[in-house]
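Notes for the structure review
The chain contents come next:
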Amino acid sequence: MERPFFSGHATDEEYGRNCREDLGVPPNDSLVEPLLSQCNVSGSKLITEEEREKESLPSNDNDTSSEKKSKNIPLVLAYTFVTFAGRSMWSTSVLSAFVYLLRNDDPESVGFLTAVMGVAQLLASFPSGMLADMYRRDVMLKVGSLVGVAAIVSTMVASFVENFAFLGVALALWGVFTGITNTSISALFADSIPDGKRSHYFTQRMMLTKLGSTAGPTVSLTMFAVLGNNWTTKDCATVMTFGQSICLPGIVILCFLSDRYIVEHIDNSESKTETSPEGKLSPTEKTETQQTLEQENERPVEEPKKGFLCIPGHRVVPVLIAIADIMSGCAAGMSVRYFTIFFIDDLKLSPSIVSLLGILSPLGQMVLHKLAHIGGEKIGRCQMAVCFKWIGIALMIAMILSYKHHFHVSIVSIFYLLRTSFMNATSNLTKSVLMDSVPRKERGKWSALESVNMFSWSGSAALGGFLVGSKGIIFNFYVTATLQFVATFPLLLLFKRVKD
């Protein structure tokens, strides 16, 4: 008579006891329990060794899996929007106009204060980046928030008392704040994003940057219209003060970012195998590791990356990206602060119209940022960046020629908007390439290169002020277009090196 197999716990136990009697083994219920523990209650499914090991491992709520979005991501995105909304109100066209009017139409004063802010950022960024990599990035962000509060208060006071020297101190504090926070927040943001998704979230952050940059001019347009729509130092100071108050919530957000919310990454630059807390690989980890090694052995062996000039192979991509960004920033700095002067003196635009251009420009950049992201996935990120930059350079030349041939100011303004949108729609692409090509432990240092970019941008702003004063603003625009074209050469060298 056949005995039913796994038809129930009573039958299983009786069947096991009878087998032991046939074999001459004394009955012992303790021998049955381990066998039954491998079955579920209904006896229809076996619990594998791997499942028992997973159930026995203690759960750790502090660990963030790659499938779960890190809490740092929405916080950084919120900080980006709020900060750029306030900054776009006071640090772009309004600040340039305020300094230009305060110093009796002196363009070199605009470049000088920009250089002061850039030098302060550079001096603060590198030690901050090294400390962020050595210790905790959230601590550096809290230190930066204190500096930010001091910068806000000092800028409010300096704008209302209309003191040029005090304004220089306030902008230096803003430079220190940017140097401390930008390095840490960029590295922390990259560490909080799972591998393969940085381009997506970097694009989101850049779009929020442009959205915030649209919100600021929208408020300033309304304020200028209420105040009389005239270029005066008093009206500019009022708008700047309101912009400073908007920046305050963003500084508070910095205090809630934490290193605990970073996610685990596979560091391709280091050949290390993570082990279990006991220091030994579990059976599951051994199986997974063995499968991974077998798959890697089946793949063709890749040749080591060749170096370029004196640059080691594994450093070629980040170094060339950094060189391209610094050269591009240097070129942009020569003209960015002087577009407002071009609008005031040459095109005779009112504050409301200049604010309207400040609204439309980020909106165009948002659209092109998305197109750049899509195009980067199809033809390559470096290829798309070069394509957009060349279009922007051509539009810059078109803007200059349309002004020299006395086209209507609306035509000149349209060329300006298109040029600005294309030139500023690629930073997320190059930034994602940079972060993907460096190990996690070095991201703080490489993020500090943004401050070198800011320094070159600020230093070239001082040079741009000199050129505007001596050769004219149109000559300065020609030099900008030439340098921006040269800045694309390093990206051309990466077409075959960067795999998208």
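All of these numbers come straight from a predicted model, not from anything done at the bench. (Residues numbered from 1 in each chain as written. Predicted model: local features only at pLDDT ≥ 70, side-chain atom pairs only at ≥ 80, totals over all residues. Heavy atoms only, no water.)

Once that is clear, we can look at the side chain of serine 413. Mapped onto the fold, serine 413 is located in helix H16 (residues 409-423). Overall, serine 413 belongs to the buried group, its relative accessible area being 9%. Not counting residues up to four positions away in its chain, the partners in contact with serine 413 are Leu347, Leu349 and Leu357. (Helix = DSSP H or I, 4+ residues; strand = E, 2+ residues; numbered from the N terminus. Buried < 20%, exposed > 50% of the residue type's maximum accessible area, 1.4 Å probe, protein only. Contact = heavy atoms within 4.5 Å.)

What follows deals with the packing of helix H5 (residues 93-102) against helix H8 (residues 164-191). For the pair H5 and H8, interaxial distance at closest approach is 11 Å and the crossing angle is 155°. Between H5 and H8, the interaxial angle falls into the category roughly antiparallel. Considering only the axes of H5 and H8, their crossing is left-handed. Residue-level inspection shows Leu95, Phe98, Val99 and Leu102 of H5 in contact with H8, the latter providing Phe164, Leu167 and Leu171. Here the residues of the contact of H5 with H8 are counted per class, giving seven nonpolar, no polar and no charged. (Axes fitted to C-alpha atoms, helices over the stretch in contact; angles between N-to-C directions. Parallel < 35°, antiparallel > 145°, perpendicular 65-115°, else oblique. Left-handed = near helix turned anticlockwise from the far one by under 90°. Nonpolar A, V, L, I, M, F, W, Y, C, P; charged D, E, K, R; others polar.)

Right, let's talk about the side chain of serine 154 for a bit. Checked against the element boundaries, serine 154 lands in helix H7 (residues 137-161). Within polar-contact distance, the side chain of serine 154 engages the backbone oxygen of alanine 151 at 3.0 Å. Setting aside anything within four residues of it in sequence, one finds serine 154 in contact with Phe166, Ala170 and Leu173. (Polar contact = N/O pair within 3.5 Å; in protein donor to acceptor, adjacent residues only side chain to side chain.)

This paragraph deals with a positive patch on the surface. A surface patch of like charges, here positive, comprises Lys68, Lys71, Lys142 and Arg260. Note on placement: arginine 260 falls in the loop between helix H10 (233-254) and helix H11 (283-298). (Patch = residues over 30% accessible without salt bridge, like charges linked within 9 Å, V, L, I, M, F, W, Y side chains within 5 Å. Areas by Shrake-Rupley, 256 points an atom, 1.4 Å probe, with all protein chains shown as cover. Salt bridge = Lys/Arg side-chain N within 4 Å of Asp/Glu carboxyl O. Lys, Arg positive; Asp, Glu negative; His and termini not counted. Charge placed at Lys NZ, Arg CZ, Asp CG, Glu CD.)

Our focus in this paragraph is the confidence of the model for the chain. Do not read the fine detail of predicted coordinates wherever pLDDT is low. For the chain, the average pLDDT comes to 78, and 73% of its residues sit at 70 or higher. Taken as a whole, residues 1-25 scores under 50 in pLDDT and shows 19 contacts with residues more than four places along the chain or in a different chain. Throughout residues 28-66 the model reports pLDDT below 50, and contacts reaching past four residues in sequence, or to other chains, amount to 31 contacts. (pLDDT = per-residue confidence, 0-100.)

For the rest of this paragraph, the subject is the nonpolar core. One finds Phe343 and Phe477 to be the most contacted residues of the largest nonpolar core, which totals 73 residues. Sort the elements by how many residues they give to this core and H8 lands first, with 10 residues. Discounting residues that sit within four places of it in the chain, phenylalanine 477 has contacts with Ser335, Phe339, Phe342, Met396, Met399 and Ile400. By size, the runner-up hydrophobic cluster in this structure holds 14 residues, among which are Val317, Ile321, Ala385 and Val438. (Core = buried A, V, L, I, M, F, W, Y, C linked by side-chain atoms within 4.5 Å.)

Turning our eyes to something else, we now look at the environment of isoleucine 411. Its location among the elements puts isoleucine 411 in helix H16. Isoleucine 411 sits 13 residues away from alanine 398 along the chain, and the two C-alpha atoms are 9.8 Å apart.

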